[in-house]
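The lines below spell out each chain.
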Amino acid sequence: MYKKQFLLAIFLFFLALETTSAQCAMCKAVVENGDVSLAQGVNNGISYLMVFPYLLIGALFFTIYRYNKKIKN
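Residues numbered from 1 in each chain as written. Predicted model: local features only at pLDDT ≥ 70, side-chain atom pairs only at ≥ 80, totals over all residues. Heavy atoms only, no water.

Asker: For this particular structure, what's the right way to read the overall build of the protein chain?
Answerer: Broken down by element type, the protein chain carries 3 helices and 0 strands. In the protein chain, the succession of α and β elements from N to C terminus is α-α-α. Split into buried and exposed, the 73 residues of the protein chain put 7% on the buried side. Roughly 6,800 Å² of accessible area belongs to the protein chain as shown, and the carbon and sulfur atoms make up 70% of that amount. (Helix = DSSP H or I, 4+ residues; strand = E, 2+ residues; numbered from the N terminus. Buried < 20%, exposed > 50% of the residue type's maximum accessible area, 1.4 Å probe, protein only. Areas by Shrake-Rupley, 256 points an atom, 1.4 Å probe, with all protein chains shown as cover.)

Shown next as structure tokens:
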């Protein structure tokens, strides 16, 4: 059961990455004068940098979950 939920969460996560476009105010100001491919590259870079903190937090919670599950058994 958990495996299906996990795979669904991963699928939705990657699906959401395709549709999101994140820009801070400074990046937007720099990119407004550039071309479309530059703007798309900046968006991809921001999304790439944004993923790792969430992966680390997810790994931390997963480790805590496994530790607590191991103690209960």
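Still more to cover.
Asker: I tried to follow the confidence of the model for the protein chain on my own but got confused; where do I start?
Answerer: Low-pLDDT portions of the prediction should not be read for the details of their coordinates. Scored by pLDDT, the protein chain has a mean of 80; 82% of the residues are at 70 or more. When pLDDT is averaged over each element of the protein chain, helix H3 (residues 36-72) comes out on top at 87 and helix H2 (residues 25-31) at the bottom at 70. (pLDDT = per-residue confidence, 0-100.)

Asker: What should I look at first to understand H3 in this one?
Answerer: Owing to its 3.6 residues per turn, the α-helix brings residues three or four apart onto one side. The end-to-end C-alpha distance of H3, which contains 37 residues, comes to 54 Å, matching closely the 54 Å that a straight helix rising 1.5 Å per residue would cover. Listed as buried for H3 are Ala39, Asn43, Ser47 and Val51. (Expected span 1.5 Å × (residues − 1).)

Asker: Help me understand a nonpolar patch on the surface in this model?
Answerer: Taken together, the side chains of Phe6, Leu7, Ile10, Phe13 and Phe14 present a nonpolar region at the surface, about 490 Å² in accessible area. Here Phe13 is to be found in helix H1 (residues 2-19). Among the residues examined, Phe13 registers a relative accessible area of 30% and is labelled partly exposed. (Patch = residues over 30% accessible without salt bridge, like charges linked within 9 Å, V, L, I, M, F, W, Y side chains within 5 Å. Salt bridge = Lys/Arg side-chain N within 4 Å of Asp/Glu carboxyl O.)

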